[in-house]
Amino acid sequence: MNKETIIHEKADRIRDVIRYIRRFKNALVIIYIDDKLIDSPIFLSHIKDICYIHESGLKVILVPGASKRISEILTSSNIPWSFYNNCRITGPEAMPLIKMAAFDVSNQIMTAFAGEKKTAVIGNWVRARGKGVINGFDYSTAGEIDKLQIDSIQTVLDNGFIPIFPCIGWSVAGKPYNISSIQLAEQIAIRLKADKLFYLVPGADINNSNFSVPKSIGLSPEGTVPAMNLEELDSFIEANLTTNHSEVLPNSGDLTSDRSVVTDSDIKAKIFFLLQVAKEACKEGVTRVHILNGSFDGSVPCEIFSDLGSGTMIYANNYGHIRPMIREDIAAVLTLMKPFVDEGILLPRTKQMLHEQLSSYIVYEIDGAIRATAALIPYPDGQMEIAGVAVDKSFSHIGLGPKLIEYLLQKAKENNASRVFLLTTQTADWFEHLGFVQGSVDELPAQRKEKWTPNRGSKVLFYGDKI
């Protein structure tokens, strides 16, 4: 790798950070942090990263999980409990201890923020009601959110503080209820219309080693799923419901119980529950939900300030989309094409050439950055050419190329193209995999045949017999 390439890649990473800081300035971010991470050697590093995010202009609300601490205190006090439908079930005698454990964890978080000279505030902003008796089952001390004191929370945020939410809510009469921290974070995100909801959980990797990942969902080079829209999430859930991953099916969103060892099955079940929560949050208006492996140092800023991030993002819309190229995109498209021109995969283009063919080009934009491009060029005989296909190599594994080709083929069909063709020197196998077959130069439109040269020797591929 030469110096120019190294500098270019470094500059791209810095540009990504600046672009995301500008994009999410004043955005509201809800972060759930599993309390098993508090004993982790990288806990303070996570806190420092959250402070950096806050100082970058984002508003942050923290919801700490307290399951581990609650279980420890109840066990030491010989008070029994169980889990049912993602809720901890206890008798009334457990509530003073549950409150103590929940606020103990929140105080540890607040102390860690104080160590970074950051002011955090623990509050009782949650009005709750008991879940009651459902289908004959008494949920006892388990509660659900009735109302959030949104004005009070907003005041804390506007003053530059970080609100911390213990997993406790109080009824109108002052009776405390235990609330799932995972669902509390979800409801805060929904009701405050948060831009992002993060779940920071140890071992929370969504990859092709632990799950069945449909072929339509792109993977990172490490085999991790970087992002899924709601349609892809449905296919992912279905694939893991209908395979042999029976251990994935959860009965609890909070898997710590009286067992001393948390198994891989527990982690898979918790991830699956988080995916279901993420789906509901996105359907209710939360822009993006991120599931991160809290065992990795730096996972939070990497997820916020880069396109592919460090974990898995669930989103409803506005993450990546195809659109027509506009004049302002030309510089970015030329930069995107340059590595492929240098390798001889693409013919050189100039600013003037792209300007003249502006209406023929499309781009794939991810969070304001151009990550892929291609063109559909018409000819008088009714044939159309797919040309200038370029995908940022950092994004080549998540399926942007096939999406561009599929889009252009559909566009050609809508425009009654007689045939669709392309010319390539080094990527024939990739296009053949997408349904293209080799043809002859003699089959090209006259205007395109004139530009073909034996020195370059490009192969001619057609999409089947006709579009």
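Residues numbered from 1 in each chain as written. Predicted model: local features only at pLDDT ≥ 70, side-chain atom pairs only at ≥ 80, totals over all residues. Heavy atoms only, no water.

A word on the packing of aromatic side chains
Phase 1 of the analysis: Applying the stated criterion across every chain, the model contains 12 aromatic pairs.
Phase 2 of the analysis: When the centroid spacing of 5.1 Å and the interplanar angle of 80° are considered together, the rings of phenylalanine 137 and tyrosine 139 count as edge-to-face.
Phase 3 of the analysis: Ring geometry for phenylalanine 431 against phenylalanine 436: centres 5.8 Å apart, planes inclined by 80°, an arrangement best described as edge-to-face. Comparing phenylalanine 431 with phenylalanine 436, the two get one shared label, buried.
Phase 4 of the analysis: Here lysine 131 stacks its cationic end above the ring of tyrosine 139, 5.4 Å away from the centre of that ring.
Phase 5 of the analysis: Above the plane of the ring of phenylalanine 340 lies lysine 393, whose end atom (NZ or CZ) is 5.5 Å from the centre. (Phe/Tyr/Trp six-rings, centres within 6.5 Å; stacked < 30°, edge-to-face > 60°. Buried < 20%, exposed > 50% of the residue type's maximum accessible area, 1.4 Å probe, protein only. Lys NZ or Arg CZ within 6 Å of the ring centre and 35° of its normal.)

Re the state of the cysteines
Phase 1 of the analysis: In the structure shown here, the tally under the stated rule is zero disulfides.
Phase 2 of the analysis: In this structure cysteine 302 is a free cysteine whose sulfur lies 17 Å from that of cysteine 51, the closest cysteine sulfur available. (Disulfide = S-S within 2.5 Å.)

As for helix H10 (residues 330–342)
Phase 1 of the analysis: Over its 13 residues, H10 extends 18 Å from the first C-alpha to the last, a length consistent with the 18 Å expected when each residue adds 1.5 Å.
Phase 2 of the analysis: The sharpest bend along H10 comes to roughly 30°, located at leucine 336, with the proline proline 339 sitting one to four residues further on.
Phase 3 of the analysis: The set of residues buried in H10 consists of Ile330, Val333, Leu336, Met337 and Phe340.
Phase 4 of the analysis: The secondary structure elements touched by the buried residues of H10 are helix H11 (351–356), strand S18 (361–366), strand S19 (369–378) and strand S20 (384–391).
Phase 5 of the analysis: Downstream of H10 by a residue or two, glycine 344 has a phi angle that is positive, lying close to 80°. (Helix = DSSP H or I, 4+ residues; strand = E, 2+ residues; numbered from the N terminus. Expected span 1.5 Å × (residues − 1). Bend = angle between axes of the 7 residues up to and from the residue. Contact = heavy atoms within 4.5 Å.)

Remarks on the nonpolar core
Phase 1 of the analysis: Ile30, Ile61, Phe165 and Tyr199 are the most contacted members of the largest nonpolar core, which has 50 residues in total.
Phase 2 of the analysis: Residue contributions to this core peak at nine residues, all from helix H8 (residues 264–283).
Phase 3 of the analysis: With near-sequence residues (within four places) excluded, isoleucine 61 lies in contact with Leu28, Val29, Ile30, Ile31, Ile153, Leu157, Pro163, Phe165, Ile188 and Leu192. (Core = buried A, V, L, I, M, F, W, Y, C linked by side-chain atoms within 4.5 Å.)

Looking at the pattern of salt bridges
Phase 1 of the analysis: Taken as a whole, this structure holds 22 salt bridges when the rule is applied.
Phase 2 of the analysis: As a salt-bridge pair, glutamate 365 and arginine 323 come within 3.1 Å of each other at their nearest N and O atoms. Taken as a pair, glutamate 365 in strand S18 and arginine 323 in strand S17 (residues 320–324) lie far apart in primary sequence, 42 residues in all. Across the pair, arginine 323 and glutamate 365 agree in class, each one buried.
Phase 3 of the analysis: What emerges from the salt-bridge pattern is a single network uniting Asp39, Lys68, Arg69, Glu72 and Asp104. (Salt bridge = Lys/Arg side-chain N within 4 Å of Asp/Glu carboxyl O.)

A short note on the environment of glutamine 438
Phase 1 of the analysis: As for its placement among the helices and strands, glutamine 438 is situated in strand S22 (residues 436–438).
Phase 2 of the analysis: Taking the relative accessible area as the measure of exposure, glutamine 438 reaches 48% and is therefore partly exposed.
Phase 3 of the analysis: Separated by 16 residues in sequence, glutamine 438 and leucine 422 have C-alpha atoms that sit 9.8 Å apart.
Phase 4 of the analysis: If we skip the residues at most four places from it in the chain, glutamine 438 touches Glu432, Lys459, Val460 and Leu461.
Phase 5 of the analysis: A polar side-chain atom of glutamine 438 sits 3.3 Å from a polar atom in the side chain of glutamate 432. (Polar contact = N/O pair within 3.5 Å; in protein donor to acceptor, adjacent residues only side chain to side chain.)

Section: the side chain of asparagine 178
Phase 1 of the analysis: Within the fold, asparagine 178 resides in strand S12 (residues 176–178).
Phase 2 of the analysis: The class for asparagine 178 is buried, based on a relative accessible area of 9%.
Phase 3 of the analysis: The residues touching asparagine 178, leaving out its near neighbours within four places in the chain, are Arg88, Met95, Ile98, Thr141, Ala142, Gly143, Cys167 and Ile168.

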